[in-house]
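# Structural overview for review
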Amino acid sequence: MSIALRELKPFVWCVIAIAISGCNQAGNGAKDDFFERQNAVHDGGYIATYPLSDPDSCIARLKQEVPKALQPWACLSLWYHLPRDSPKVNFRLLELYEENYPHDTVFAFCQMMRAEFYIDLAEFDLAEKYTEDAYRRYMDLGRTLDAEDARYLQARSYIYQNKFAEALEIYFDLLEILDKASNHFSDRHANLYSDICVAYERSRDRVKYLEWAQKSWKADVSKIHEPWRFRIKTANHFNGYYLKTQPDSSIYWAKEMQKIFREANPEKEIPPIIRYRLARSYFEAGLYQKALPLFKEAYQKNPFGSKRMVFFQVPMALGQCYFELGQLDSAECYIKESLASPDTGNLSFAYYLLSNIYAEKGEWERALKEANESHRLYRIKLDSDKAKEVVRLEAQYENTQKEHRIESLEQEHLALRLRQFIWALALLSVILLLTILYIRQHNHRLILVQQNRLLSQEKELINTREKLKSKALMHSRNQLEEAKKELDETGQALALKSRLIRELQIKLSQKAGPDSPSSAGHAPQESSELKSMKILTDQDWLVFKERYEECFPGFLEKLKEMFPKLTSGETRLILLMKLKFDNREAAESLGISLQSVWRSRHRLSRKLGLNTTGDLDLFIERL
């Protein structure tokens, strides 16, 4: 599996999981333990038993054995088990995947995989075609992050083409999207940080390379899957950065890689690739005896896997180490093995080392021949490096221009913001000044209004006092008049009472007669007749009413209007009470007993709706 495919693998699995769930909505009834049971039967390698060199036979067998709902998963597993040395076989499986499990996400994934293969084949135009198609498909599905994975793959293509500025532009665009989508450092962030480091390393921008390596080392990796892998990769960046300039620092970071691995995998052996990095650091530091066993281990265990071009550096490093230790035959053997490398730079250096070995042996003709070959290859590499350097410088120049434009835009933006701030501050000052003036004027107006209100209240208070004085004076005058009136009425009542009494006395004396006998024998009988006599007869009542009307005109009419159901006896009692007759006087005047007066008063109180007879006197007095 190539570098890009391995780096994209975490993303791809997420994409395909969604694709599979979309392809088979009816897959809920499938047995989830199918692959576990099959792997148990086949020693954990069920898919490995398929004819991986024949995709058609694989699909046919898959359809016969695997439940329908799990077939997309099985097809995906087949894809990751296929060897990557035959694009034809891999492309055929992608075609069958699309034919048998058609889904927009599957189509986009297959286009991504084709683009990845074309990048490995250095057919960058075709790779760009397929990445653009995958990008379009993902955008149509509304899957922005997956679409950015297509651009991410295109950036890898740019790295291989030494288009570092274009690659970095894509990396930073994707990083901006990831920062907006997630508030923590994710696996996608980790891969991007590593790729940015590689881009700066290959563009020979050591300042940026170190800066991003430091950012990677300081990143919070607690949320990513297997953070120790990312930290080892970051330590490897530091190891490579210091390898040629500070070998001691390079050794430190190689040992740091070992430490991280041991902490995460205490029961596992240190991988040969990490030992190889430590061996390179020892070699650059001149510690050849320490480097030699580590180089041997790397050579024997082949830590680079299928990346054959990088593997040829191992025998070359081993041969170079033997050369430095003076073991020329061993050095010649391993360096010759490295001549199978397709890399011109490695070949040129290998021939240079052979030339030195032959020179040490005294085989001058062979040394000259190898030196000439090294020189020829070096010229080829030099021309290639010059071309690459031109490309790199152009990319660096373009990147510098972009940075300069960005810096200019940032300065313009800053100046604009400063001007806006000044204008805003000025406007705010004016608004504040106007607000202060308005508040001051408003407060002044409020003070005037309050003063006017106080003056009005004082005037109203004075007028009210005058009115109260007038009312008090008027009230006193009215009270005085009422008192005089009551006094007059009382006097008139007393006069009427006296007059009535006199008239009654006259009538009584007339009843007795001036010529009546006055002998002692007749006196008791006459006195008894006088006592049983009615004081107020009907004639007396008529005389009494006339006299009363003279003193209190209209009172009797008012009394009849207010209380039309009053009897003549109740009316007489009210008139006598109005004249201030007490109960005994009323009894004598009416010719009834005192108890009769009390009963009459009680009945009259109830008829008038009064609570007690005591309220009757006050009620009649106010009539």
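In case you missed it, the structure is sitting above this.
Residues numbered from 1 in each chain as written. Predicted model: local features only at pLDDT ≥ 70, side-chain atom pairs only at ≥ 80, totals over all residues. Heavy atoms only, no water.

## Quick notes on the nonpolar core
- Of all hydrophobic cores here, the largest spans 43 residues; its most connected members are Tyr50, Val66 and Phe109.
- Within the residue set of this core, elements represented by two or more residues are helix H2 (34-41), helix H3 (55-65), helix H4 (71-81), helix H5 (87-100), helix H6 (104-120), helix H7 (124-140) and helix H8 (144-160).
- The dominant element in this core, judged by the number of residues it contributes, is H6, at 10 residues.
- Other than its neighbours up to four places away in sequence, valine 66 contacts Phe34, Phe35, Tyr46, Tyr50, Gln71 and Ala74.
- With 40 residues, the next largest nonpolar core counts Tyr152, Leu192, Ala219 and Trp253 among its residues. (Core = buried A, V, L, I, M, F, W, Y, C linked by side-chain atoms within 4.5 Å. Buried < 20%, exposed > 50% of the residue type's maximum accessible area, 1.4 Å probe, protein only. Helix = DSSP H or I, 4+ residues; strand = E, 2+ residues; numbered from the N terminus. Contact = heavy atoms within 4.5 Å.)

## A short note on the packing of helix H9 (residues 164-181) against helix H10 (residues 187-202)
- Between H9 and H10, whose axes approach to 10 Å, the crossing angle comes to 160 degrees. The orientation of H9 with respect to H10, classified from their angle, is roughly antiparallel. Every pair of crossing elements has a handedness; the one defined by H9 and H10 is left-handed. Taking contact as the criterion, the partners of Phe164, Leu168, Tyr171, Phe172, Leu174, Leu175, Leu178 and Asp179 in H9 are, on H10, Arg188, His189, Leu192, Tyr193, Asp195, Ile196, Ala199, Tyr200 and Arg202. (Axes fitted to C-alpha atoms, helices over the stretch in contact; angles between N-to-C directions. Parallel < 35°, antiparallel > 145°, perpendicular 65-115°, else oblique. Left-handed = near helix turned anticlockwise from the far one by under 90°.)

## Thoughts on H2
- Among the residues making up H2, those that are buried are Phe34, Phe35 and Gln38. Along the axis of H2, the buried residues cluster in a sector spanning 90 degrees; they form a single face. Along H2, the residues that are exposed and aim more than 90 degrees away from the buried face are Glu36 and Ala40.
- Against H3 and H4 lie the buried residues of H2.
- Trailing H2 by a residue or two, aspartate 43 shows a phi angle of about 55 degrees, which is positive. (Arc of directions from axis to C-beta.)

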